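Spelled out, the chains give:
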Amino acid sequence: MSISALKTSLFTVSFVFFMGIATASPAQAKPAPPTPIDIKKVELGGRPWNPEWDQIIEKALPLEMLSLQAPKGVRRFCPRFYEMDTADKRTFWAYFFQALAGAEAGLNPKTSVRHTEPDVGLAKRSEGLLQLAYADQKRYGCDFNWQVDRALKANDPAKTILQPKNNLECGVKILFNQTIVQRKPLLTRSSYWSTLRPGGPSYRVFAKQMTNPPSACGLSTKSRINKSTTTKSVQDDANRRETPK
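What you see is a predicted model, and the numbers here were worked out from it, not measured in a lab. (Residues numbered from 1 in each chain as written. Predicted model: local features only at pLDDT ≥ 70, side-chain atom pairs only at ≥ 80, totals over all residues. Heavy atoms only, no water.)

**Points about the overall build of the chain**
Right, on to step 1. The number of helices and strands found in the chain is nine helices and two strands.
Right, on to step 2. Start at the N end of the chain and walk to the C end: the helices and strands fall as α-α-α-α-β-β-α-α-α-α-α.
Right, on to step 3. Within the span of the chain, comprising 245 residues, buried residues form 40% of the whole.
Right, on to step 4. Considering only residue pairs separated by 6 or more positions, the chain has 62% of its internal contacts joining residues 24 or more positions apart.
Right, on to step 5. On the chain, roughly 13700 Å² of surface is accessible, and the fraction owed to carbon and sulfur atoms is 55%. (Helix = DSSP H or I, 4+ residues; strand = E, 2+ residues; numbered from the N terminus. Buried < 20%, exposed > 50% of the residue type's maximum accessible area, 1.4 Å probe, protein only. Contact = heavy atoms within 4.5 Å. Areas by Shrake-Rupley, 256 points an atom, 1.4 Å probe, with all protein chains shown as cover.)

Shown next as C-alpha cells:
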C-alpha cells in the first residue's frame, strides 16, 4: 500500500470513529436523581433503582414528549421543563417513571399483585415496576407474552412482563397514548395509573416521590435530599455497604 493510500485509509478510519462518537454522545442517558424511596431502600440495605433503567426510559421516549406537545402538567414537578435542553428533559422523564415505579411497586421489578376491579368485579393481576397487565400487549403494543409466561411462577423474573425493559417501555407507550394521542392531562382521574389520579391516597404517595427532580427543573421544595446525589452514587453506596470488610 502506498503512503498516500495509507494516509487516506487512516483518515477514513479516524473520521468514521470521530463521527461515531459525535452521534453516540447525544444518545447517552443521564442518570436521574434518586427518589425518596430509593434513598430509604439504600439506608435499609435494599436494592436501589438501577441506573440502566434510566437509559431504557430515556431511549424509549418519543420526540413529542420532549417538545411543546408534552403535557402542561409537567410544570407542577418541573417548572422549567419547556426551557430545558433535550437531555435534561429525558432525565426528568426518567425520574418521573422512577417515582411512578416507587409509588406503584416500591421499585421492585418482581412485584405481582392480584386484585379485583371494583367496576366490573373481575380479578386482575398488575405486574412489574409499573404494575401493568397482559392486556396492554394488544392495547399498546407492549412486548409481553402470556403464552410463555403462563407456565412460570407469579414472581419469576424471567416473565416477559416483569422484565424491566419490557415493563418500562410499555409504561412510556401508555403515557404517550394518554398525554399525546388522547391529549389528556398528565394528572387526570381517567389515568391508567391510580397514582396519577389527583386527590386520592395513591396520588399522594406518588407526589412524595416527586420532590427531588433534576436540578435543571428549578423546583423549589423543602426536601432535604442532596440534589447532587444521583441514583448511580446511591447504588455505589449500597454496593459498599454489601462489601465485606
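From this point, the discussion proceeds with the structure in view.
**Some thoughts on unusual backbone geometry**
Right, on to step 1. Its identity as a non-glycine residue notwithstanding, Gln131 has a phi of 55 degrees, on the positive side.
Right, on to step 2. Assignment of secondary structure puts Gln131 in the loop between β2 (123-127) and α5 (136-140).
Right, on to step 3. Of the residues examined, Gln131 reaches a relative accessible area of 8% and is grouped as buried.

**What about the nonpolar core?**
Right, on to step 1. Core analysis: the largest hydrophobic core is formed by 48 residues, its most contacted members being Phe81, Phe92, Trp93, Phe96, Phe97, Leu175 and Phe206.
Right, on to step 2. Of all the secondary-structure elements, those providing two or more residues to this core are α3 (51-60), α4 (86-105), α7 (164-181) and α8 (201-209).
Right, on to step 3. Top element by residues in this core is α4. It accounts for 10 residues. (Core = buried A, V, L, I, M, F, W, Y, C linked by side-chain atoms within 4.5 Å.)

**So, the packing of aromatic side chains**
Right, on to step 1. Summed over the entire model, instances satisfying the criterion amount to 15 aromatic pairs.
Right, on to step 2. Measuring from centroid to centroid gives 5.4 Å for Phe81 and Tyr82, while their planes differ by 85 degrees, and the two rings are edge-to-face.
Right, on to step 3. A residue is classified by how much of its surface remains accessible, and Phe81, at 0% relative accessible area, is buried.
Right, on to step 4. Put simply, the rings of Phe77, Phe81, Tyr82, Phe92, Trp93, Phe96, Phe97, Tyr203 and Phe206 touch in pairs and so form one group of aromatic residues. (Phe/Tyr/Trp six-rings, centres within 6.5 Å; stacked < 30°, edge-to-face > 60°.)

**Focus: α4**
Right, on to step 1. With 20 residues, α4 extends 28 Å from end C-alpha to end C-alpha; this agrees with the ideal 28 Å at 1.5 Å per step.
Right, on to step 2. In terms of burial, α4 is a largely internal element, 18 of the 20 residues being buried.
Right, on to step 3. Between the side-chain oxygen of the N-cap and the backbone nitrogen of Ala87 there are 3.2 Å, and the N-cap of α4 in question is Asp85.
Right, on to step 4. One or two positions beyond α4, positive phi appears at Gly106, with a value near 60 degrees. (Expected span 1.5 Å × (residues − 1). Polar contact = N/O pair within 3.5 Å; in protein donor to acceptor, adjacent residues only side chain to side chain.)

**Comments concerning the state of the cysteines**
Right, on to step 1. According to the stated counting rule, one finds two disulfides in the structure shown.
Right, on to step 2. Each sulfur in the disulfide pair Cys78 and Cys217 lies 2.1 Å from the other. Between Cys78 and Cys217 the disulfide shows an S-S torsion of about -90 degrees. By sign, it is left-handed. Of this pair, Cys78 sits in the loop between α3 and α4 while Cys217 sits in the loop between α8 and α9 (231-242), placing them 139 residues apart in sequence. Both residues of the pair, Cys78 and Cys217, count as buried.
Right, on to step 3. Note that Cys142 is cross-linked by a disulfide to Cys170, the S-S spacing being 2.0 Å. Its S-S torsion of approximately 70 degrees makes the covalent link between Cys142 and Cys170 right-handed. With Cys142 in the loop between α5 and α6 (146-149) and Cys170 in helix α7, this pair connects stretches of sequence that are 28 residues apart.
Right, on to step 4. Residue Cys142 is classed as buried on the basis of its relative accessible area, which comes to 4%.
Right, on to step 5. Note on Cys170: relative accessible area 1%, which makes it buried.
Right, on to step 6. Going through the chain in sequence order and numbering each bonded cysteine, the pairs you get are 1-4, 2-3. (Disulfide = S-S within 2.5 Å.)

**With respect to the confidence of the model for the chain**
Right, on to step 1. Summary statistics for the chain give a mean pLDDT of 83 and a share of 75% for residues scoring 70 or more.
Right, on to step 2. Every residue in residues 1-27 scores below 50 in pLDDT, and together they form two contacts with partners more than four places removed in sequence or on other chains.
Right, on to step 3. Across residues 223-230, confidence stays below pLDDT 50; counting only partners more than four residues off in sequence or on other chains, it has 16 contacts. (pLDDT = per-residue confidence, 0-100.)

**Section: the layout of surface pockets**
Right, on to step 1. Estimates place the volume of the second largest pocket at around 250 Å³.
Right, on to step 2. Forming the walls of the second largest pocket are 15 residues, and the residues nearest its centre are Lys124, Arg125, Glu127, Ala133 and Tyr134.
Right, on to step 3. Those elements that place two or more of their residues in the lining of the second largest pocket are β2 and α6.
Right, on to step 4. Sort the elements by how many residues they give to the lining of the second largest pocket and β2 lands first, with three residues.
Right, on to step 5. Partitioning the lining of the second largest pocket into residue classes produces six nonpolar, no polar and nine charged. (1 Å grid on protein atoms, 1.4 Å probe; cavity = no way out; pocket = protein on both sides within 12 Å on 5 of 7 lines; lining within 4 Å. Points joined across faces, edges and corners; volume = space filled by probe spheres on them. Nonpolar A, V, L, I, M, F, W, Y, C, P; charged D, E, K, R; others polar.)

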